[in-house]
Amino acid sequence: MLHTLRRRPRAVLLAAVSATLVAATLPEPTALGIGDRLFPELGNPGYDVIAYDIALAYRGANDRPLDAVTTIDAVAGSRLERVNLDFTHGTVRSVRVNGRPAEFASAGEDLVVEPAEAPAAGSRMRITVDHTSDPRGPASAGGWVRTGDGLVMANQADAAHRVFPCNDHPADKAYFTFRVSAPKDTTVVANGRRVSRTVQGTETAWVYRTGQPMATELAQVAIGRSAVVERRGPHGLPIRDVVPAADRAALEPWLAKTPGQVQWMERKVGRYPFETYGVLVADADTGFELETQTLSLFERSLFTDSAYPDWYVDSVMVHELAHQWFGNSVSPRTWSDLWLNEGHATWYEALYAEERAGQPLVDRMRQAYRLSDGWRAAGGPPAAPAPPAPGEKLSLFRPVVYDGSALVLYALRRTIGASAFERLEREWVAVHKDGTAGTADFTALASRVAGRDLDAFFDGWLHGTTTPPMPGHPDWRSEAPGARRAG
């Protein structure tokens, strides 16, 4: 847990009387947020993170806290008497701002830092936090997930700050460097490319760095007895898959599909946006797969459980791959824009299943339309989802943001035509590459590409409490919420 308060040495305080007097007038530390409608205390105002450097020491047991040092390089947007970071579920030992010891305290799930000298507006600041990163706790809380042989991260939507101090909102993307030491018999992988691997006695030190900015929810560090399988994708793209060493041969038929899936997505929306890609297979029961940037996380059972048909597994792999464009390269400006992530990933998942496995897209969309009004009643419309249930953050990921939002794209394509729709998709990921964008950006671009005002269309489809008529399918009906089917 966070220390409730840690102060600078008395001598330092006495040597900076004026700073102390200013600090004495400040109110009690308070948890802040950037005002996201769904996660009001997530993120922090007043600064923009440029880069994270996260050092972790793993001692071979996944039920013990890791020693960690997180260094944050940021630019102050205004003079900051205090800097709020999102952080919980770890012990903070010390904080330094621009090399000088700083006071700190906990407030809610924030680490509130009081620098010895307030950074001026427009100035760079470096915050270094010496802390622990605790993998214990329920997997449903997110953050670290314990696997059969180590750890992986699952930070979506608001759990990165259970692992490291950060500005935990996708609106503030940054570059990441991970430095991880672990026993020699374990393998460490992380987002981006490996910079170095150095054996130091009984341990190995690994360094990974991202080539493009990343949202905190997409961070990934995996530690375990893993095999790393390397191959090349389109244009020589480095592909590295990470799997339990014992499963390498059994999983190879699935891993071998990734280059072709990348090529299929590139034909739909343009060149893959990052420096590498791969599949991370974890020996853990998470109940979900996750699009961590450049290294998508999958449960082992997805590939080993014979109950899943091959076409379904293929399409789920494409779903997470599609997120590299929709959600990762182009990240949501707010969590209400989640439909842009999940709707697009579901759209390409369904399109791939149709083209490669003969699973008709129209059948899936007809079924989604039938259920759509019930989904909207239960979870809100696609672009205005209801907040997650208290204590159940993953309840935000409801059917309305998956098939319910893919249904919006299906209606849009039928409204503006396939050619304009494909042009829109390509322009969207090109214009907003490595950035953030929201619903208003998408609807404005769609109107421009279509050459006509689509506000009325999007009003009903994205914000309506009931589902508008489907263009070209006047016979489609959506069941009233709570309707019971015969049989």
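Draft legend 1. Summary view of the pattern of salt bridges. Scanning all chains against the criterion turns up 23 salt bridges. Here Asp-314 and Lys-257 are joined by a salt bridge, their closest N and O atoms 2.9 Å apart. With Asp-314 in helix H6 (residues 310-323) and Lys-257 in the loop between helix H3 (248-255) and helix H4 (258-269), this residue pair connects regions lying 57 residues apart in the sequence. For Lys-257, a relative accessible area of 29% puts it in the partly exposed group. Across the pair Arg-448 and Glu-427 runs a salt bridge, and its minimum N-O distance is 2.5 Å. Placement of Arg-448 in helix H11 (residues 439-450) and of Glu-427 in helix H10 (residues 418-431) is noted, with a sequence separation of 21 residues between them. Linked through salt bridges whose partners overlap, the residues forming this network are Asp-67, Arg-93 and Asp-130.

Draft legend 2. How the structure looks around the environment of Arg-232. Mapped onto the elements, Arg-232 comes out in strand S17 (residues 226-232). Separated by 53 residues in the primary sequence, Arg-232 and Asp-285 place their C-alpha atoms 29 Å from one another. Sequence-distant contacts of Arg-232, defined by excluding residues within four places in its chain, comprise Leu-237, Pro-238, Ile-239 and Pro-259. In this structure the side chain of Arg-232 is engaged in a polar contact, spanning 2.6 Å, whose partner is the backbone oxygen of Gly-236.

Criteria and thresholds
Residues numbered from 1 in each chain as written. Predicted model: local features only at pLDDT ≥ 70, side-chain atom pairs only at ≥ 80, totals over all residues. Heavy atoms only, no water. Salt bridge = Lys/Arg side-chain N within 4 Å of Asp/Glu carboxyl O. Helix = DSSP H or I, 4+ residues; strand = E, 2+ residues; numbered from the N terminus. Buried < 20%, exposed > 50% of the residue type's maximum accessible area, 1.4 Å probe, protein only. Contact = heavy atoms within 4.5 Å. Polar contact = N/O pair within 3.5 Å; in protein donor to acceptor, adjacent residues only side chain to side chain.

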